[in-house]
Amino acid sequence: MIHIQFIKYVVIGLASNGILYGAYLGLTAYGLGHKTAMTLLYVIGVLQTFVFNKKWTFSHQGAVSGTLIRYILSYALGYILNLLALYYFVDQLLFPHQIIQGGMIILNALILFILQKFWVFKESDNKTTKLHVGHSTTPLSKKSRSKKRKKKKKKKKKSRTKRRKK
């Protein structure tokens, strides 16, 4: 499962970051500062990829509010790391910003996948619901709920058949 999710994540990331990196190079070529361009495009990228990663990569069905907050916090961490890298390597050590930004895209992608897989879109939020049995509650997966419904239908059908025979 993690393998398929990672492939989907990479597809979304390559498409999004390819377009955004092209926009970054264009904006900086026209005179916008490298940190300003990164900030603007970072915000656009976060909002755009949230939708795709929630629906397609992780097939997350949990509440949007908590998930979006965790998503924004994880990307805030990525943003701070990216900004610090640009400040240190470009502004202080005078490396070319194009190379540093390209490297940070890859590093941030790996960090953010791990955060999204195990924190933002965690499976415990995803496909569980509570089934009330007496006074206790038991979390069930979508598959388990479906099996329970089928059993109930069979039981009802048997009950009706027995009544008809009498």
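Procedures and definitions
- Residues numbered from 1 in each chain as written.
- Predicted model: local features only at pLDDT ≥ 70, side-chain atom pairs only at ≥ 80, totals over all residues.
- Heavy atoms only, no water.
- pLDDT = per-residue confidence, 0-100.
- Helix = DSSP H or I, 4+ residues; strand = E, 2+ residues; numbered from the N terminus.
- Contact = heavy atoms within 4.5 Å.
- Buried < 20%, exposed > 50% of the residue type's maximum accessible area, 1.4 Å probe, protein only.
- Polar contact = N/O pair within 3.5 Å; in protein donor to acceptor, adjacent residues only side chain to side chain.
- Salt bridge = Lys/Arg side-chain N within 4 Å of Asp/Glu carboxyl O.
- Phe/Tyr/Trp six-rings, centres within 6.5 Å; stacked < 30°, edge-to-face > 60°.
- Expected span 1.5 Å × (residues − 1).
- Core = buried A, V, L, I, M, F, W, Y, C linked by side-chain atoms within 4.5 Å.
- Patch = residues over 30% accessible without salt bridge, like charges linked within 9 Å, V, L, I, M, F, W, Y side chains within 5 Å.
- Areas by Shrake-Rupley, 256 points an atom, 1.4 Å probe, with all protein chains shown as cover.
- 1 Å grid on protein atoms, 1.4 Å probe; cavity = no way out; pocket = protein on both sides within 12 Å on 5 of 7 lines; lining within 4 Å.
- Points joined across faces, edges and corners; volume = space filled by probe spheres on them.
- Nonpolar A, V, L, I, M, F, W, Y, C, P; charged D, E, K, R; others polar.

A. Broad picture of the confidence of the model for the protein. Scored by pLDDT, the protein has a mean of 85; 84% of the residues are at 70 or more. By mean pLDDT, the top-scoring element of the protein is helix α3 (residues 64–92) (95), and the lowest-scoring one is strand β1 (residues 129–133) (38). pLDDT under 50 marks residues 129–138. Its contacts with residues more than four places away, or in other chains, come to 12 contacts.

B. Spotlight on the side chain of Thr67. Along the polypeptide, Thr67 turns up in helix α3. The buried category is assigned to Thr67, whose relative accessible area is 1%. At 2.7 Å, the side chain of Thr67 and the backbone oxygen of Ala63 are in polar contact. Not counting residues up to four positions away in its chain, the partners in contact with Thr67 are Phe50, His60, Val120 and Phe121.

C. Structural context of the pattern of salt bridges. Enumeration according to the criterion identifies 1 salt bridge in this entry. Note that Asp91 and Lys35 form a salt bridge whose closest N and O atoms lie 2.4 Å from each other. Of this pair, Asp91 sits in helix α3 while Lys35 sits in helix α2 (residues 34–57), and the two are 56 residues apart along the sequence.

D. Spatial organisation of the packing of aromatic side chains. Here the structure, examined in full by the defined rule, presents 14 aromatic pairs. Among the aromatic residues, those joined into a cluster by ring pairs are Phe6, Tyr9, Tyr42, Phe50, Phe58, Tyr71, Tyr75, Tyr79, Phe113 and Phe121.

E. The arrangement of helix α1 (residues 2–29) in detail. Compared with an ideal rise of 1.5 Å per residue, which puts 28 residues at 40 Å, α1 spans 38 Å between its outermost C-alpha atoms and is within 8% of the ideal. Gln5, Tyr9, Ile12, Gly13, Ser16, Leu20, Tyr24 and Thr28 are the residues of α1 that are buried. Check the buried side of α1 and you find it contacts α2, α3 and α4 (97–120).

F. Main features of the nonpolar core. Tyr42, Tyr71, Tyr75, Ile100 and Phe121 are the most contacted members of the largest nonpolar core, which totals 21 residues. Listed by contribution, the elements that provide at least two residues to this core are α1, α2, α3 and α4. The leading source of residues in this core is α2, at 6 residues. Not counting chain neighbours up to four residues away, the residues in contact with Tyr71 comprise Val46, Thr49, Phe50, Asn53, Gln116, Val120 and Phe121.

G. Structural context of a nonpolar patch on the surface. A surface patch of nonpolar side chains, about 450 Å² in accessible area, is lined by Phe6, Val10, Leu14, Ile106 and Leu110. Counting residues per element, the ones that place at least two in the nonpolar patch are α1 and α4. No other element matches α1, which puts 3 residues into the nonpolar patch. In this fold, Leu14 is placed in helix α1.

H. Structural context of the layout of surface pockets. One number sums up the size of the largest pocket: a volume of about 550 Å³. Lining the largest pocket are 28 residues, and of these Gly13, Asn17, Ile105, Asn108 and Ala109 sit closest to its centre. Residue assignment for the lining of the largest pocket shows that the elements contributing at least two residues are α1, α2, α3 and α4. Across the lining of the largest pocket, the residue classes break down as 19 nonpolar, 9 polar and no charged.

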